[in-house]
Amino acid sequence: MSLELFLFLVFAAVAAVSGILMITRSEVVMAALFLILNLASLAGLYLLLNAQFIAVVQVIVYAGAIMVLFLFVIMLLRPEHEKIVTKISGIRTFAFIIAALVFVQLAYVILKSHPGSALNSDVTASVNAGTVESIGTELYTNYILPFEAAGFLLLAATIGAVVLAKRKFE
Amino acid sequence: MIEQYIPVFLVIAFAIVFAVLVVFSSKLLGPQRPTPEKLSTYESGMKPVGSTHERVSVKYYLVAMLFIIFDLEVIFVYPWAVKFRILYNEIGTSVFVSMLIFLIVLELGYLYVYKKGGFKWE
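What you see is a predicted model; the values in this text were computed from it and never measured.

Draft legend 1. Expanded view of the overall build of chain A. Counting secondary structure elements, chain A contains seven helices and zero strands. Counting from the amino terminus, helix and strand elements in chain A follow one another as α-α-α-α-α-α-α. For chain A, the proportion of its 170 residues judged to be buried stands at 29%. When contacts within chain A are restricted to residue pairs at least 6 apart in sequence, long-range pairs at least 24 apart make up 57% of them. Accessible area of chain A: about 11200 Å², with a carbon and sulfur share of 75%.

Right, here's the structure in full:
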């Protein structure tokens, strides 16, 4: 068993188990902590897919910043005080149908693809594509407009956060 | 390819082992003779009043939100900083100006928050 396969199995198992544990916790803070574990193991999977920069960003932004926001929302709302307000009838059937559809889709794609055929093709391009150097080259030459647009998006988020939050405690 | 990340995995593994060891060693090695008094929450010698799960102010949410925004701003600076010298030699000052525009746009947001008193804690 190669190192890649071993690490893939470890990260995939951690991701799947922590995902299941996350949605089955009744304590919301525990669910949030399992979500951190899930996001961290996804970072490991990104690393195995040669997306090194995305893997680091996954840890810094998702497992770091986004989870801080999640924990703040939990602290703000204290959802354990809330009882389940409405039980929508047939929600379990609906959820089961959605899950079955996604499963069939994934099974179809996995069975349709031929795992052995892609092994011989040249992978150096995809290995280089994930490095921070190639992302920098692409982002600041070919994708300069989306980059600046992302700046305006963040500006809009800043102003939106202030407008929404300041009004509450003034 | 993945072999060059073995030190990173070793650090993660060491952190996990160390954390588990520290958390559970006191439970394993220390003597445990619990009494109801020992297990009760100590609060200045008084009986604990109410839940610790108090709702916090929405001010924290603003801080968390601003943290995420400027965290993402820094994410865009990393690849720029790594490739700056090479891109500067290739295409000149426009690579500097593009990052300057991006940062100015975000600093406008920073100034807006500052003027609105978003950093004040009253």
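Draft legend 2. Seen up close, the interface of chain B and chain A. Each partner contributes residues to the interface: chain B has 49 residues there, and chain A has 52 residues. Each partner contributes to the roughly 4600 Å² buried at the junction of chain B and chain A, and carbon and sulfur atoms together form 81% of this total. Within the residue set of the side of chain B that touches chain A, elements represented by two or more residues are helix H1 (6-29), helix H3 (59-91) and helix H4 (94-115) of chain B. Of the residues forming the side of chain B that touches chain A, the biggest block, 23 residues, is contributed by H3(B). Its residues placed into classes, the side of chain B that touches chain A shows 35 nonpolar, six polar and eight charged.

Draft legend 3. View of the layout of surface pockets. The volume enclosed by the largest pocket comes to roughly 780 Å³. Contributing to the lining of the largest pocket are 26 residues, with A:Phe11, A:Ala40, A:Gly44, B:Phe9 and B:Ile12 lying nearest its centre. If you list the elements that add at least two residues to the lining of the largest pocket, you get helix H1 (3-24), helix H2 (28-48) and helix H3 (52-77) of chain A together with H1 of chain B. A per-class count over the lining of the largest pocket returns 22 nonpolar, four polar and no charged.

Draft legend 4. Structural detail: unusual backbone geometry. All names here are of chain A. Although it is not a glycine, Asn50 adopts a positive phi angle of roughly 65°. In this structure, Asn50 sits in the loop between H2 and H3. Asn50 sits in the buried class, given a relative accessible area of 14%.

Draft legend 5. Summary view of the packing of H3(A) against H3(B). One can describe the packing of H3(A) onto H3(B) by two numbers: an axis separation of 9 Å at closest approach and a directional angle of 175°. Comparing the axis directions of H3(A) and H3(B) gives the class roughly antiparallel. Between H3(A), through A:Phe53, A:Val57, A:Ile60, A:Val61, A:Ala65, A:Ile66, A:Val68, A:Leu69, A:Phe72, A:Val73 and A:Leu76, and H3(B), the contact on the second element is made entirely by B:Tyr60, B:Tyr61, B:Ala64, B:Met65, B:Phe67, B:Ile68, B:Asp71, B:Leu72, B:Ile75, B:Tyr78 and B:Pro79. Tallied by class, the residues present in the contact of H3(A) with H3(B) amount to 21 nonpolar, no polar and one charged.

About the thresholds
Residues numbered from 1 in each chain as written. Chains lettered and ligands numbered in written order. Predicted model: local features only at pLDDT ≥ 70, side-chain atom pairs only at ≥ 80, totals over all residues. Heavy atoms only, no water. Helix = DSSP H or I, 4+ residues; strand = E, 2+ residues; numbered from the N terminus. Buried < 20%, exposed > 50% of the residue type's maximum accessible area, 1.4 Å probe, protein only. Contact = heavy atoms within 4.5 Å. Areas by Shrake-Rupley, 256 points an atom, 1.4 Å probe, with all protein chains shown as cover. Buried area = accessible area lost by both parts, 1.4 Å probe. Nonpolar A, V, L, I, M, F, W, Y, C, P; charged D, E, K, R; others polar. 1 Å grid on protein atoms, 1.4 Å probe; cavity = no way out; pocket = protein on both sides within 12 Å on 5 of 7 lines; lining within 4 Å. Points joined across faces, edges and corners; volume = space filled by probe spheres on them. Axes fitted to C-alpha atoms, helices over the stretch in contact; angles between N-to-C directions. Parallel < 35°, antiparallel > 145°, perpendicular 65-115°, else oblique.

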